[in-house]
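Summary of the model geometry
What follows is the residue order along each chain.
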Amino acid sequence: MAKLKATEDFDERMSTLSYNTFDISHDYGNTVASGAWMRHNKTAHLYTKSAWSWIGGITINVDGPASDMFLPLTFGIEYANGTIVDLMAETFGEEA
Amino acid sequence: MSEFSHSPVESNQPKISPPPALQTYDLTAPWKAAMPAAQSAAATKHFPTALPGHFIEQMAYEKLTSLGFTEENTVFSFSSCPDELNHDSNKEDITNRMKQRWGEAFPMGGLAGIPFTGKTGWGAFSHHIPEQGNILAMYGPHVGLTETGRVGSVHRPGMEKPTTACGASIGAYGALGGEKESRDPILQALKKAAKKEEKEEILEVVEVDPSRGLESNSTSEAGEKHDQQLHYIVD
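Residues numbered from 1 in each chain as written. Chains lettered and ligands numbered in written order. Predicted model: local features only at pLDDT ≥ 70, side-chain atom pairs only at ≥ 80, totals over all residues.

Glancing now at the overall build of chain A. Secondary structure summary: chain A contains three helices and three strands in total. Counting all 96 residues of chain A, 44% fall into the buried class. (Helix = DSSP H or I, 4+ residues; strand = E, 2+ residues; numbered from the N terminus. Buried ≥ 20, exposed ≤ 12 C-beta atoms within 10 Å, placed from the backbone.)

Below, the structure is given as structure tokens:
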């Protein structure tokens, strides 16, 4: 909020709001989602070779003939053994 | 012949064909040519590493299949704002393409892309995963970008003037006093529109009779609930 209020430019404020909204979604998602499902109830279901992947970012609804865009901000994978790998750079390039 | 026996008869039921493979794209093809200069400049300034949604989907798909994710062993979950703008093209919208690609989808949310189903939703969803299977979760908000390069607004089909996107996000920001001191007439109009939109969404969500009014005592409970939810998320 403080950063938003300090930003004079309207478009800058709106883009910052979209990044801040992503942060809220990301932080809340981190409290909700996890790889724990791969590690418990082992006797009921087998998930030793499982993984879960997440991709988060901002969808940009583009007016006119151009396609809607997506700004990837996080892309990763967690394996059943707890190993986490960041897939951003190797998938979308170093600049992403 | 018993009436219960089964004989191999020709079925009149139409045969179900597998869905056609999703169109693949030349990821090196120029794509900004369709954008007016002001729009392209704004996209570069504010979202410098953004690409068409179907490009990103294809890149993610290729990476995940290289890691062993398949349609058969993967269940897709998403938390994407239900705004129809995000779900109006099977060819280009990233969420729609992922739904087609991975076959099954569990919606986790939510206005502004917040996964409102919470731990309960994730807990239920993660019990649906096939043995030795995988989850792919996609999430995030959305934002409009007009042809003149204005961020936070977009023209919707059949509407002359642009409207806010994401209306829920801008409405929440306005409710927190985000634009209170602004004298910018556009901002004031935006805030007013966002508040109206937000009010309509609240009334719809809590199924309150709109004729009774949101600010009357009879609907104060609904308002309190919404305030608490916003407060919780922002904290």
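To continue, consider the overall build of chain B. Looking only at helices and strands, chain B features seven helices and seven strands. Contacts in chain B between residues far apart in sequence, at least 24 positions, make up 61% of those at least 6 positions apart. (Contact = placed C-beta atoms within 7 Å.)

Before going further, it helps to spend a moment on the packing of helix H2 (residues 53-66) of chain B against helix H3 (residues 94-102) of chain B. The packing of two helices is summarised by the inter-axis angle and the distance between the axes. Residue and element names in this part refer to chain B. At a closest axis distance of 8 Å, the pairing of H2 and H3 adopts a crossing angle of 35°. H2 and H3 meet at a crossing whose hand is right-handed. Along the contact surface, H2 presents Gly53, His54, Ile56, Glu57 and Tyr61, while H3 presents Ile94, Arg97, Met98 and Arg101. A class-by-class count of the residues in the contact of H2 with H3 yields four nonpolar, two polar and three charged. (Axes fitted to C-alpha atoms, helices over the stretch in contact; angles between N-to-C directions. Left-handed = near helix turned anticlockwise from the far one by under 90°. Nonpolar A, V, L, I, M, F, W, Y, C, P; charged D, E, K, R; others polar.)

Looking at helix H1 (residues 37-46) of chain B, one finds that the buried residues are B:Gln39, B:Ala42, B:Ala43 and B:His46. Angularly, the buried residues of H1(B) cover 100° about the axis, an arc narrow enough to put them on a single face. What points out from H1(B), more than 90 degrees from its buried face, is the exposed set B:Ala37 and B:Ala41. Close packing links the buried residues of H1(B) with helix H2 (10-32), strand E1 (51-62) and strand E2 (69-79) of chain A together with strand E5 (142-145) of chain B. (Arc of directions from axis to C-beta.)

Let's shift gears to the confidence of the model for chain B. Residues and elements named next belong to chain B. Of the residues in chain B, 66% have a pLDDT of 70 or more, and the chain-wide mean is 77. Confidence drops under a pLDDT of 50 for residues 1-5, and excluding neighbours within four residues, the segment shows zero contacts in the predicted structure. Overall fold confidence for the complex sits at a pTM of 0.76, while the interface term, ipTM, reaches 0.93. (pLDDT = per-residue confidence, 0-100.)

The next subject is the interface of chain A and chain B. Contact residues are listed per partner, giving 51 residues for chain A and 70 residues for chain B. The dominant element in the side of chain A that touches chain B, judged by the number of residues it contributes, is H2(A), at 13 residues. Classifying every residue of the side of chain A that touches chain B by side-chain character gives 31 nonpolar, 15 polar and five charged. Bridge count for E1(A) against strand E4 (residues 134-140) of chain B is six bridges, and the pairing is parallel. (Pairing = 2+ DSSP bridges.)

Often, the extent of an interface is quoted as the loss of accessible area upon association of its parts. Residue and element names in this part refer to chain B. Here the domain parsing of chain B yields domain 1 (50-140) and domain 2 (153-234). Taken together, the contact between domain 1 and domain 2 spans six residues of the former and seven residues of the latter. Residue composition of the side of domain 1 that touches domain 2, by class: five nonpolar, no polar and one charged. (Domains from an automatic or database assignment.)

Across ten bridges, E1(A) lies against E2(A) in antiparallel orientation. When the sheet's bridge partners are listed, A:Trp52 is paired in E2(A) with A:Glu78. From the end of E1(A) to the start of E2(A), which pair antiparallel, there are six residues, and A:Gly64 there has a positive phi angle of about 85°. As judged from the two bridges shared by E2(A) and strand E1 (residues 51-52) of chain B, these two strands associate in the antiparallel manner. Opposite A:Phe70, over in E1(B), you have B:Leu51 as the bridge partner. Where E2(A) and strand E3 (residues 84-86) of chain A come together, three bridges link them in antiparallel fashion. Bridged to A:Gly76 within E3(A) is A:Asp86. Linking E2(A) back to E3(A) in an antiparallel pair, the connection comprises four residues, with A:Gly82 at a positive phi of about 95°.

With that out of the way, let us pick up the pairing of E5(B). Residues of E5(B) alternate between two faces, with B:His142 and B:Gly144 on one and B:Val143 and B:Leu145 on the opposite face, all of them buried. Two strands pair when backbone bridges link them, and E1(A) and E5(B) are joined in this way by four bridges, in the parallel orientation. Its bridge partner being in E5(B), A:Val62 is matched across the sheet by B:Leu145.

Let us now look at helix H4 (residues 118-126) of chain B. Residues and elements named next belong to chain B. Taken together, the buried positions of H4 are Gly121, Trp122 and Ser126. Summarising the axial view, the buried residues of H4 lie within an arc of 120°, below the 170-degree limit, and thus occupy one face. Turned more than 90 degrees away from the buried face of H4, the exposed residues are Thr120 and Ala124.

Attention now goes to unusual backbone geometry. Residue and element names in this part refer to chain B. Of note, the amide linkage connecting alanine 165 to cysteine 166 takes the cis form, showing an omega dihedral of 5°. Examined against the element boundaries, cysteine 166 turns out to sit in the loop between strand E7 (163-164) and helix H5 (167-175). Of note in the backbone geometry, alanine 112 takes a positive phi value of approximately 65° without being a glycine. With respect to the helices, strands and loops of the structure, alanine 112 is situated in the loop between strand E3 (105-109) and H4. Phi at glutamine 132 takes a positive value of approximately 60°, unusual for a residue other than glycine. Structurally, glutamine 132 can be placed in the loop between H4 and E4. Note on glutamine 132: 16 C-beta atoms within 10 Å, which makes it partly exposed.

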